[in-house]
Amino acid sequence: MKPWTRWLGWLGLFGLGMLFLLVSRLPGEPEAEPPLLETRLLMGTLVSISTWGVEEKQAEAAMEQAFAEMSRIEGMMSRFIPTSPVSGLNDAPRGAFHTVPAELISVVSKGLEIGQLSGGAFDIGLGPLSDLWGFSREPPPETPPAPDALKKWREERDRTPGPGIELASDNRLRLTGPAIGLDLGGIAKGYAVERAMEMLRQAGVVNALINAGGDMRIAGSKGGKPWHIGLRDPRKPDGVVAVMDLTGSKALATSGDYERFFMADGVRYHHILDPKQGGSSRSGLMAVSIQAADSLTADALSTAVFVLGESAGLALLQQFPGCEALLIREDGQMVQTPGFVATRSKTP
Ligand code: ADP
Ligand code: MG
């Protein structure tokens, strides 16, 4: 295992992967046949797949294919894997077009679209800013970057118009300035989870749940009963602020300031960055959960709405029919859109 994967794994155990809790049984409910469960370390987090109603051998083969698909996508879209096309782009001199896989173009164009609709709050080109903050570094940071380094990035970024990422025909893409680098951390996991569920479906698995840190995807049910999902309290690791009973084909993603963070001088610094400010987003929210039809959209929107904050975030959602949100304000108050499915939600 590469060292960075190992320490990301520790983060996964203690930090990530804790946004949702799987509630296996409601009080008083009779014990149903348990789902088959397998967990692996992928994309810097613990990914678990549960399947129900398929014979063990078939389920294992299907899960193997789903994990392999996620690993393939990580190999293409991670900026921490030196051989990935994303690293290739980030390491190359700026300005020239490079041919990349069509799949990468499609994720980048979705990222750019949400970037535009969010007025730049969602920004897949903020790689160099993410590097400065280093939330994915080993050991994790304990202090913010030097103000000079941030100022230099800001000035450079201001010289680059628009998103700084340009697409051209024949799957070509270029980064237009040194302040721009691809960071698909807010969208690629959602895409991978979506593809993994498609692999399960093709292998004949009708009832499944995939939990990849902040990204969850469900299909069908658990023996005719809904999948019970608990949303973790942003400030109490063993508290649950909402319980969702979900069936059918649905995606759920959460972005929060409690996944990867450090405290310095009493201030919380976390990994969701406001590209305009150049630091951790301070929009008045601790967490955003999005329910959507697919995981890519849920993943990107949870990050985008987090950065935009309540009022602009809810306005952005209007442009995504079928997407629903639950927001947790900094004071703990919760706000949810009318269609957000939660059996029980209470302010922490
Ligand atoms: P996670 O993937 O850790 O569950 P998110 O989906 O909210 O959480 O994505 C956060 C990741 O997205 C960061 O680690 C970083 O890679 C990237 N990111 C941070 N800020 C932004 C932003 N404003 N726009 C797009 N991506 C971002
Ligand atoms: Mg996200």
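Before going into details, it helps to say that this report is about the structure given with it. (Residues numbered from 1 in each chain as written. Chains lettered and ligands numbered in written order. Predicted model: local features only at pLDDT ≥ 70, side-chain atom pairs only at ≥ 80, totals over all residues. Heavy atoms only, no water.)

Examining the overall build of the protein
Part 1 of the argument: Looking only at helices and strands, the protein features nine helices and 19 strands.
Part 2 of the argument: For the protein, the C-alpha radius of gyration of 20 Å lies close to 20 Å, the compact-globule estimate for 348 residues.
Part 3 of the argument: Dimensions along the principal axes, computed over C-alpha positions, put the protein at roughly 60 × 45 × 40 Å.
Part 4 of the argument: Across the 348 residues of the protein, 54% fall into the buried class.
Part 5 of the argument: A separation of at least 24 residues holds for 64% of the contacts in the protein among residues at least 6 apart in sequence.
Part 6 of the argument: Summing over all exposed atoms, the protein offers an accessible surface of approximately 15000 Å²; the carbon and sulfur share of this is 54%.
Part 7 of the argument: Positive and negative charge centroids in the protein, built from 34 and 40 side chains respectively, lie 1 Å apart. (Helix = DSSP H or I, 4+ residues; strand = E, 2+ residues; numbered from the N terminus. Rg over C-alpha atoms; globule rule 2.2 N^0.38 Å. Buried < 20%, exposed > 50% of the residue type's maximum accessible area, 1.4 Å probe, protein only. Contact = heavy atoms within 4.5 Å. Areas by Shrake-Rupley, 256 points an atom, 1.4 Å probe, with all protein chains shown as cover. Lys, Arg positive; Asp, Glu negative; His and termini not counted. Charge placed at Lys NZ, Arg CZ, Asp CG, Glu CD.)

Remarks on the packing of helix α2 (residues 56-77) against helix α7 (residues 188-202)
Part 1 of the argument: Where α2 contacts α7, the axes come no closer than 8 Å and their chain directions differ by 150°. Accordingly, the angle class assigned to the pair α2 and α7 is roughly antiparallel. For α2 against α7, the interelement crossing comes out right-handed. Residues Ala62, Met63, Gln65, Ala66, Glu69, Met70, Ile73 and Met77 of α2 pack against Ala188, Tyr191, Ala192, Val193, Arg195, Ala196, Met199 and Leu200 of α7.
Part 2 of the argument: Looking at the contact of α2 with α7, its residues break down into 13 nonpolar, one polar and two charged. (Axes fitted to C-alpha atoms, helices over the stretch in contact; angles between N-to-C directions. Parallel < 35°, antiparallel > 145°, perpendicular 65-115°, else oblique. Left-handed = near helix turned anticlockwise from the far one by under 90°. Nonpolar A, V, L, I, M, F, W, Y, C, P; charged D, E, K, R; others polar.)

Topic: the pairing of strand β3 (residues 45-52)
Part 1 of the argument: Most of β3 is tucked away, with seven of its eight residues classed as buried.
Part 2 of the argument: Two elements, strand β2 (residues 36-42) and β3, share seven bridges in a ladder whose sense is antiparallel. Across the sheet, residue leucine 37 finds its bridge partner in β3, namely serine 50.
Part 3 of the argument: In this antiparallel pair of consecutive strands, β2 and β3, the connection spans two residues, and methionine 43 shows a positive phi of 50°.
Part 4 of the argument: Looking at chain direction, β3 and strand β7 (residues 207-212) are connected through six bridges and run antiparallel. Residue serine 50 lies in a different strand from β7, and its bridge partner there is leucine 209. (Pairing = 2+ DSSP bridges.)

The values are spatial; any link to function lies outside them.
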